[in-house]
Each structure stands twice: as structure tokens, then as C-alpha cells.
Amino acid sequence: MSRITSCLSKFRGASALFVAALLWLPSMSMAQEEAPAGAMPAAEAPATEEMAAEAAPAGEPAAEAEPEAAVAPAPSVDKGDVSWMLISTAIVLMMSVPGLALFYGGMVRSKNMLSMLMQVFVTFSLIVVLWCLYGYSLAFTEGNAYFGGFARLFLNGTFDSSSGVFAMAATFSKGVYIPELVFVAFQATFAAITCCLILGAVAERMKFSAVLIFMVLWFTFSYAPICHMVWFWMGPDAYSDAAVAADMTSKAGLIWQWGALDFAGGTVVHINSGIAGLVGAYLVGKRIGYGKETMAPHNLPLTMIGACLLWTGWFGFNAGSALEAGNFAALAFMNTFLATACAVLSWMFGEWLFKGKPSMLGAASGAVAGLVAITPAAGNVGIPGAFVIGIVAGLICLWGVSGLKKLLGADDSLDVFGVHAVGGMTGALLTGIFNAPALGGPGLVVDWVTVAGGYPGYATQFWIQCKAVLMTLIWSGVVALVAYKIADLVVGLRLTEDEEREGLDTIEHGERSYSL
């Protein structure tokens, strides 16, 4: 009883602090906040043309500015870019709910279908809230090489209600911006689906309460810092001349400083989640009856539907990561389309050759393998690279869920490591090779002051990609280990044997997926 009283007291204290923060943050001046990567300081971000029009009285022309009071021209905000990013955000949401939920749900046994849907749905919602509270700030504001700062806590500074001014976020083109809130929403879907991917490795036996505790810890100490290390930089307009270039680069995330290429999340999303899933599979332990009882997917049509939703949504995931509706969005779109189709075929023919029959589950898994592998490469390789990455990913991930899985000896229920970590590593490493113009790739920007392109060489770029992969594996693996241990100490990681045999649907949620 004393323990319950203590918990309630702590909850009341935390609630009071939360309410105080909500009341305090809006009062802070946007002009005093530090701008995130590539975003104009909120006090300097000009209002849109529509706002300016509304500010002038009806029928009166806007007053002409005095020459000495002239301000810098507004950054270019193209409605086509904004529209594309909003659409991309919406279809990436579709990837998780319902796409990933159905993909995973069809692969578990019927007694655990509802729990799988519930875990994905609630985890996604939880991470979106945490992203807006503090995750975005930790990932995409200036701090150090590992963590961002606190300039955007509660999304403070993204919109000034008193002046009607929206903060702007940079793209990859000088002078081209999108509203920062659009970028916040787009990146929120990445954070949320990354956490949801982990669930497949510990499916059918982990407590719902333990899942939530783990997700809060892992998101905070693994996803946010790795996102910062890989993707945070000061934006192209910060590189105004050679004198400041080195200083601007030193403010970027560690892996960005190295020069690693990750267009849409090979390290941040797939390797990050894949290794966390494998650690969980070891610590939570094998399912009751694993290796002795049949644990075949209960509804492959749902899995196929989920795979199709994933493929469709992945166009927003990869092509949306260009942040503009332009040439590189088109390249990423086509590479995503092609590599996925190649991976479906290579997985299917590999399975046909080595196992005797091509399966629907194999074809769907091949599609996801191709999508995973092309993610870091989407806008970083040309069409030849997409062919190779798709074909290689289908075959190597087939080995990842069969031969490698046996070697590891873990019950990775839905093959999160075998597809996402193995596929992510494959794509990340091959990106370093096929980025080369000699192999049809676009190369990379070697000087952001002049936006000059180039390529450092096969060995150099491959080694940079290797370092990024290793850093992600080690960081995420250690954080996952600690997070699982804390969840275990607080509530325990898994259900009892009798509860597991009954099924998580009724034990955890008091509902059934299907009427009896």
C-alpha cells in the first residue's frame, strides 16, 4: 500500500511540473530561441505573402519600405514543395497505421493479433507526443555532436501566435524553405515507425506495460541522438562563405561531420531498430513452444495488404526525404519503385531455388527488404545502383531470416533483425559504392559554399559508411540493453507461461480479434 501511495505522490508531482511547463513555455519570446538546423531564427523568419496581404487595410496599398529600412528578401517557400511534404507525411503515417500493424498482425497467431495492432497503434501515438514534447528538439536543434538542445521543447518557437509568423526550415537548396511545422510532422512519422518496427522482434510474449516503458527510454536515448548525429546540420544557407564553412560543419551531428550518406534512414531507422529488436529477442526470451510447436502466420492476406501499404507509403518516406518536389524526389521515387520490385523477385527465386517453393510471405518479405535497403540510397544512387541494391537485398535478407537467424539463436519473432538491420546495413554500405558518378550515382556535395559536387573515392566513402553502421549498432544496442533491463525491474518483461498460452489479446486487452 505504501508503494502505491509513493507512486501516486510522484505522479502528482510530475503532473504539476508538466502543467507548469505548459504555462511557462508559451510566454517565452520566440526571438530569444535558438534556430534549429537550417531554420531561420523565428524572430527573423518573414511572414508569408498571405499574412502580409491580410495585415494591410482593405483597399489600401501596402506602405513602401524606406530604402534604409529594407529587409532581406523572404526565403522561397513553394506551395508545391509544401503540398508534397504534407502528402508524404500522411502516407508515411499510413505505413505504420494500418500498414505495419497489418503486416505484423497477419504474421502472428490469431490469439495475439489484437495485441500486435494495439502495440503498433499506441506506440506510434506515444512517440508522436514525445516527439512534440522534446524529441524534435533533441534531434534537430543545435547542441553538441551527439544531442541537440532544448530550443524547441513543446515545439516552442515554431509559430508565433502574437505576430502570425511561422518559423521556416531549410531544405537542401540554398534559399528554399518549408514551414518548420511541416518538417516536424514529417520527421515525427519517422521516429514513430522506427519504434514500432522493434515490436516485431518481441511479439507474442512481451507485456504491454513493459513495451511502453522501453519505448520511452529507447526513443529518448537512442533514436533522438542517432537522428541528431546522422541528420542534423546547419542548412545550406549557413555556408555563406569559406570562412565559416568549417565552423558550420563542426556544429553538425557527429556522423554528418564524417560525411556518411543516409538519404532516408538506413542507419537512423532500420539498423537502429533492428539491433534493438535483436537485443530484445535475447532478453525477453523465446516464445513458449518455439521450435517445437507450429507458429505459422494466421492471416497472410492481411500481411500482403500490409506490405502493399508499406510499399505505397514508402514513396513518401524516401522521396519525401528530398524535402522538395524536384529532381531528387523523382530519383528517390524511381529508385524506391525499382529496387523493391527487384528484391521481390530475387527473394522469390532464391526461396524457390533453396526451399522448393515460392511463398507469398517470402514475396512480401522481399518487398520490405528492398524498401529497407534502398532507404539510405534512394536519392544517393542512380538507376544502376537501384538494380543492384534491390537484387542483393532480396538474397541477403533471405539468408538473414534463415541461415543467420539460426546462427544467432534468438527468437526474433517477425525477423526484424534479419530484414531491417541486415537490409539496412546492406543498403548503407552499397550506398557508399554506388554513389560514385562512374557507377551512375549523383555523387555528393563536397563544398556547401559553392554547392560543388564530387566523390571522395570508393574506399574512403565505404569506410565512412562502415563507421556510421558500427556507431549505430553499438549505440542502439547498449541503450536497448539498459532500457529492457529497466523495464524488467519496474514491471517485468514478459507474461507467465499460462498467460502466454492463453494469448495476449484476452490477457492484456480483454478483447478478441475474431468472434468465436
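Keep in mind that what you see is a predicted model, and the values were worked out from it rather than measured.

Colleague: Just checking my understanding: could you explain the overall build of the chain for this structure?
Modeller: Secondary structure summary: the chain contains 18 helices and 7 strands in total. For the chain, the proportion of its 516 residues judged to be buried stands at 53%. Long-range contacts, defined here as pairs at least 24 residues apart, represent 79% of the contacts in the chain between residues at least 6 apart. Summed over its atoms, the accessible surface of the chain is roughly 21700 Å², and 68% of this surface lies on carbon and sulfur atoms.

Colleague: Looking at this model, I keep getting lost on the packing of helix α5 (residues 180-198) against helix α6 (residues 208-231). Mind explaining?
Modeller: Two packed helices can be described by the angle between their axes and the distance between those axes. Between α5 and α6, the shortest axis-to-axis distance is 11 Å and the interhelical angle comes to 130°. When the axis of α5 is compared with that of α6, the two are oblique. The crossing of α5 and α6 is right-handed. Note on element contacts: α6 touches α5 through Phe 214, Met 215, Trp 218, Phe 219, Tyr 223 and Trp 231, opposite Gln 187, Phe 190, Ala 191, Thr 194, Cys 195 and Ile 198. Among the residues forming the contact of α5 with α6, the class breakdown is 10 nonpolar, 2 polar and no charged.

Colleague: Teacher, can you tell me more about unusual backbone geometry here?
Modeller: The general pattern is negative phi for most residues beyond glycine and trans for most peptide bonds. Note the cis peptide between Val 97 and Pro 98, where omega equals 15°. Of note, Pro 98 is situated in helix α3 (residues 79-107). The residue Phe 154 is not glycine, and still its phi comes out positive at about 60°. Along the chain, Phe 154 turns up in the loop between α4 (113-140) and β2 (159-160). With a phi angle near 65°, Leu 323 is a residue other than glycine that sits in the positive phi range. Mapped onto the elements of the fold, Leu 323 is located in the loop between α10 (300-319) and α11 (327-355). Of the residues examined, Leu 323 reaches a relative accessible area of 5% and is grouped as buried.

Colleague: Would you mind showing me how to read the nonpolar core here?
Modeller: The tendency in soluble globular proteins is for nonpolar side chains to be buried side by side. Residues Tyr 104, Trp 131 and Tyr 223 are the most contacted members of the largest nonpolar core, which totals 108 residues. By residue number, the principal contributor to this core is α5, which donates 13 residues. Grouped together as the second largest cluster of nonpolar side chains are 12 residues, Ala 339, Cys 342, Ile 374 and Val 381 included.

Colleague: How do you make sense of the pattern of salt bridges when you look at a structure like this?
Modeller: Evaluation of the coordinates by the stated rule reveals 10 salt bridges. Two residues, Glu 204 and Arg 109, come together in a salt bridge whose shortest N-O distance is 3.1 Å. You can see Glu 204 sitting in the loop between α5 and α6 and its partner Arg 109 sitting in the loop between α3 and α4, a full 95 residues away along the chain. Judged on exposure class, the residue Glu 204 and its partner Arg 109 are both buried. Through salt bridges with shared partners, one network takes in Arg 109, Glu 204, Arg 287 and Asp 411.

Colleague: Explain the packing of α10 against α11 to me, please; I cannot follow it from the model alone.
Modeller: Two numbers describe how α10 lies on α11: the axes approach to 8 Å, and their chain directions differ by 145°. In the packing of α10 onto α11, the handedness of the crossing is right-handed. Packed against α10, whose contacting residues are Trp 311, Trp 314, Phe 315, Asn 318 and Ala 319, the element α11 presents Ala 329, Ala 332, Phe 333, Thr 336, Phe 337, Thr 340 and Ala 341 at the interface. Class assignment of the residues belonging to the contact of α10 with α11 gives a composition of 9 nonpolar, 3 polar and no charged.

Colleague: I'm lost on the sheet that holds strand β4 (residues 168-170) in this one. Help?
Modeller: Judged by pairing direction, the sheet is mixed, and its 3 strands sit side by side in the order β1-β5-β4 without closing on themselves. Of all the strands in the sheet, the pair left with one neighbour each is β1 (76-77) and β4. Bridge count for β1 against strand β5 (residues 176-179) is 2 bridges, and the pairing is parallel. Across the sheet, the residue bridging to Ser 76 is Val 176, located in β5. Across the sheet, α3 lies against β1 and β5, angled at about 50° from β5, the strand it touches most. Together, β4 and β5 form the strand contacts of α5, whose direction differs from that of β5 by roughly 70°.

Colleague: Hey, could you run me through the environment of Ile 383 in this one?
Modeller: One can find Ile 383 in helix α13 (residues 383-400). Judged by relative accessible area, Ile 383 falls into the partly exposed class, the value being 34%. Sequence spacing of Ile 383 and Phe 434 is 51 residues, and the spatial spacing of their C-alpha atoms is 9.5 Å. Contact partners of Ile 383, with chain neighbours within four places excluded, come to Met 334, Asn 335 and Leu 338.

Colleague: Looking at this structure, I do not really get the packing of aromatic side chains. What am I missing?
Modeller: Any pair of aromatic rings gets described here by the distance separating the centres and the angle formed by the planes. In the structure shown here, the tally under the stated rule is 27 aromatic pairs. A ring pair is formed by Trp 131 and Phe 140, whose centres lie 6.2 Å apart and whose planes are at 75°; its orientation type is edge-to-face. Under the relative-accessibility criterion, Phe 140 is labelled buried at 3%. Considering the side-chain rings of Trp 233 and Trp 448, the 4.6 Å spacing of their centres and the 50° angle between planes classify their relative orientation as tilted. Of this pair, Trp 233 sits in the loop between α6 and α7 (242-250) while Trp 448 sits in the loop between β6 (444-447) and β7 (452-454); the two residues are 215 residues apart in sequence, bridging distant segments of the chain. Trp 233 sits in the buried class, given a relative accessible area of 6%. In this structure Trp 448 comes out as buried when scored by relative accessible area, which is 16%. Here the aromatic cluster, defined as three or more aromatic residues joined through ring pairs, consists of Trp 131, Tyr 134, Tyr 136, Phe 140, Phe 183, Phe 219 and Tyr 223.

Colleague: Explanation requested: a nonpolar patch on the surface in the structure shown.
Modeller: On the surface, Tyr 282, Leu 283, Leu 470, Ile 474, Val 478, Leu 481, Val 482, Ile 486, Leu 489 and Val 490 cluster together to form a nonpolar patch covering roughly 900 Å² of accessible area. Contributing elements (two or more residues each) for the nonpolar patch: α9 (266-284) and α16 (458-490). Locating Leu 481 in the fold gives a position in helix α16.

The rules behind each value
Residues numbered from 1 in each chain as written. Predicted model: local features only at pLDDT ≥ 70, side-chain atom pairs only at ≥ 80, totals over all residues. Heavy atoms only, no water. Helix = DSSP H or I, 4+ residues; strand = E, 2+ residues; numbered from the N terminus. Buried < 20%, exposed > 50% of the residue type's maximum accessible area, 1.4 Å probe, protein only. Contact = heavy atoms within 4.5 Å. Areas by Shrake-Rupley, 256 points an atom, 1.4 Å probe, with all protein chains shown as cover. Axes fitted to C-alpha atoms, helices over the stretch in contact; angles between N-to-C directions. Parallel < 35°, antiparallel > 145°, perpendicular 65-115°, else oblique. Left-handed = near helix turned anticlockwise from the far one by under 90°. Nonpolar A, V, L, I, M, F, W, Y, C, P; charged D, E, K, R; others polar. Core = buried A, V, L, I, M, F, W, Y, C linked by side-chain atoms within 4.5 Å. Salt bridge = Lys/Arg side-chain N within 4 Å of Asp/Glu carboxyl O. Pairing = 2+ DSSP bridges. Phe/Tyr/Trp six-rings, centres within 6.5 Å; stacked < 30°, edge-to-face > 60°. Patch = residues over 30% accessible without salt bridge, like charges linked within 9 Å, V, L, I, M, F, W, Y side chains within 5 Å.

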